[in-house]
Amino acid sequence: MEQRANLPWYRRLHWQIFVAMGLGIVAGLIGGEALVPKVAWIGTLFLKLLKMIIVPLVLTSIVSGVASVGSGRDLGRLFGKTMGYYVMTSALAALTGLLLVNLIKPGVGANLGGVEQAEMPELASKTPIDLVLDLVPENVVRAAADGDMLPIIVFCILLGATIAALPKAPQRTLIDFFSAAFQAIMLLTRGIMRFLPIGVFAMITKVVGSSGVEAFQALGLYMLTIALGLLVHLFVTLPLVLRFLGGIPPAIHFRNMVEPLAMAFSTSSSAATLPVTINAVENKVGVSNKVSSFVLPMGATVNMDGTALYECAGVIFISQVLGAQLGFTEQLIVVATALLASIGAAAVPSAGLVIIFIVLEAVNLRGPEVDAIVLTMLAIDRPLDMARTAVNVFSDSCGAAIIARSEGETEVDARVVA
Ligand code: ASP
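Note that the structure is a prediction, hence the values are computed from the model and not measured.

A look at the environment of W15
Thought 1: The residue W15 is located in helix α1 (residues 13-69) in this model.
Thought 2: Judged by relative accessible area, W15 falls into the partly exposed class, the value being 38%.
Thought 3: Sequence separation between W15 and E259 is 244 residues, and the spatial gap between their C-alpha atoms is 9.7 Å.

Structure (structure tokens):
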């Protein structure tokens, strides 16, 4: 773990990030649309730098981590705990969304006429068998080039487990190789992160500068409902899980996670945030590479609490706008499909809203009226996406900390690092 540095506040990264966010909001409000093209490229450059390291990071992190887990039994145990945590927290999030949207009823009487709609990206329809087949890459290099994370993760886990089964000599050579490569990539990550405040400033300026207000007014109550749900999950549910399942003080964990939270908020992409998350979870929270390399890349891809909450609340909202009553069983179907849809959502901006059609379909909500409401929701999706991505990333980090504790890593979150 890094040592607490004796730096003045303004030289600490998390303060620089807060200041950058504030300046970004002010610049976006004052500069508006005109400023966007001037600063947007800086954010794009920063994002590209982070995306550049995702594939090598996932490869070296998972292979070195899984190879050092040891026996298949150990790997199976880690896998079981990880999946158990993902399903439990995503289900809690979806239920929170369900409860709030039923209490607040933001869709009853909402008038969405006249609000500008956005363009819908294409959604390929897939059967469950297609989803299973998609887990295995036909060509690893192509999967990496397309940024298809799940097949890459599957390949890396298989390769790591195979290395663990090799005789001692070649096993040592390969573990040393992948561990050394992982260290190099992490060093590169930390170098890129020095520019985090500049990247955050540019990305926030772009978001604030290019948002219109009228859609925000029409969907205000709906946005508030989602925001409230995300806040409850972030500040109540996950801290309780951290405290009671991991014996971890939530306040310390929050402090250790400021950088990934800011990054997730600014980029709306769990995948782009992954390098920053791994850095914080290993160097600040103090989780071993063995656990973090297993839990975090997979978490960024399949564990999306914020998205599960959003799917659930979003679908009920749409049913309320349409005046359709969803009964108890149908609401349970919504929760279950919201969970599955959040697992299938890509870790990129707006993925959550695109896959809402899967959940809508499960309760027979379809047709031009439904499409029109979703397109209106897309127009105001960015701030909600920022918030749910932050929740997604935070939940991954809690999972890593809790699982590490359960594996006997007592140093986890033992101290705050500036
Ligand atoms: N943007 C989210 C993420 O990357 C996914 C979503 O749209 O809900 O975690």
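So that's the structure; there's more coming.
Observations regarding α1
Thought 1: Relative to the 84 Å expected for 57 residues at 1.5 Å per residue, α1 spans just 33 Å between its end C-alpha atoms, considerably shorter than the ideal helical length.
Thought 2: The largest bend in α1 amounts to roughly 115 degrees and is located at G32.

Considering the site of the ligand
Thought 1: In the region of the ligand, 16 residues are neighbours, and S270, T307, G352, D385 and R388 sit closest.
Thought 2: The contact in question runs from an oxygen atom of the ligand to an N or O atom on the side chain of S270, over 2.4 Å.
Thought 3: Summarising the interface, the protein chains cover 100% of the accessible area of the ligand, which totals 270 Å² for the free molecule.
Thought 4: When atoms are counted within 2 Å of each cavity's grid points, the one that captures over half of the ligand is the largest cavity.

Considerations on the environment of I248
Thought 1: Structurally, the position occupied by I248 is in the loop between α9 (220-246) and α10 (250-256).
Thought 2: When the C-alpha atoms of I248 and C398 are compared, they prove to be 9.2 Å apart, with 150 residues separating the residues in sequence.
Thought 3: Setting aside residues no more than four positions away along its own chain, I248 makes contact with L242, R243, H253, A401, I402, R405, V412 and D413.

Some remarks on helix α15 (residues 328-344)
Thought 1: Its 17 residues give α15 an end-to-end C-alpha distance of 24 Å, which sits within 8% of 24 Å, the value for a rise of 1.5 Å per residue.
Thought 2: If you check which residues of α15 are buried, you get Q331, V334, V335, T337, A338, L339, A341 and S342.
Thought 3: At its buried positions, α15 is contacted by α2 (72-104), α13 (289-302), α14 (305-322) and α17 (356-362).

Here's the deal with the pattern of salt bridges
Thought 1: Counting across every chain of the model gives eight salt bridges.
Thought 2: Of the charged contacts, one joins D381 and R388 as a salt bridge, the two residues approaching to 3.0 Å between their closest N and O atoms.
Thought 3: For D381, a relative accessible area of 0% puts it in the buried group.
Thought 4: On the basis of relative accessibility, which here comes to 1%, the residue R388 falls in the buried class.
Thought 5: The partner of R388 in a salt bridge is D385, with the nearest N and O atoms 3.5 Å apart. Within this pair, R388 and its partner D385 are both found in helix α19 (residues 381-406), separated by three residues, close to a single helical turn.
Thought 6: Through salt bridges with shared partners, one network takes in D74, R77, K81 and E407.

Considerations on empty space enclosed by the protein
Thought 1: Enumeration over the complete set of coordinates arrives at three cavities of 30 Å³ or more.
Thought 2: By volume, the largest cavity amounts to about 70 Å³.
Thought 3: Only α16 (351-354) and α19 provide two or more residues apiece to the lining of the largest cavity.
Thought 4: Per-element tally for the lining of the largest cavity: the top contributor is α19, with four residues.
Thought 5: Split by residue class, the lining of the largest cavity holds six nonpolar, seven polar and two charged.
Thought 6: Looking at the second largest cavity, its volume works out to about 40 Å³.

Observations regarding the side chain of T277
Thought 1: As for its placement among the helices and strands, T277 is situated in helix α12 (residues 270-285).
Thought 2: Given the relative accessible area of 3%, T277 is considered buried.
Thought 3: If we ignore the near neighbours within four places in the chain, the residues touching T277 are M257, P260, L296 and V393.

Scoring rules and cut-offs
- Residues numbered from 1 in each chain as written.
- Predicted model: local features only at pLDDT ≥ 70, side-chain atom pairs only at ≥ 80, totals over all residues.
- Heavy atoms only, no water.
- Helix = DSSP H or I, 4+ residues; strand = E, 2+ residues; numbered from the N terminus.
- Buried < 20%, exposed > 50% of the residue type's maximum accessible area, 1.4 Å probe, protein only.
- Expected span 1.5 Å × (residues − 1).
- Bend = angle between axes of the 7 residues up to and from the residue.
- Near = heavy atom within 4 Å.
- Polar contact = N/O pair within 3.5 Å; in protein donor to acceptor, adjacent residues only side chain to side chain.
- Areas by Shrake-Rupley, 256 points an atom, 1.4 Å probe, with all protein chains shown as cover.
- 1 Å grid on protein atoms, 1.4 Å probe; cavity = no way out; pocket = protein on both sides within 12 Å on 5 of 7 lines; lining within 4 Å.
- Sits in = over half its atoms within 2 Å of the grid points.
- Contact = heavy atoms within 4.5 Å.
- Salt bridge = Lys/Arg side-chain N within 4 Å of Asp/Glu carboxyl O.
- Points joined across faces, edges and corners; volume = space filled by probe spheres on them.
- Nonpolar A, V, L, I, M, F, W, Y, C, P; charged D, E, K, R; others polar.

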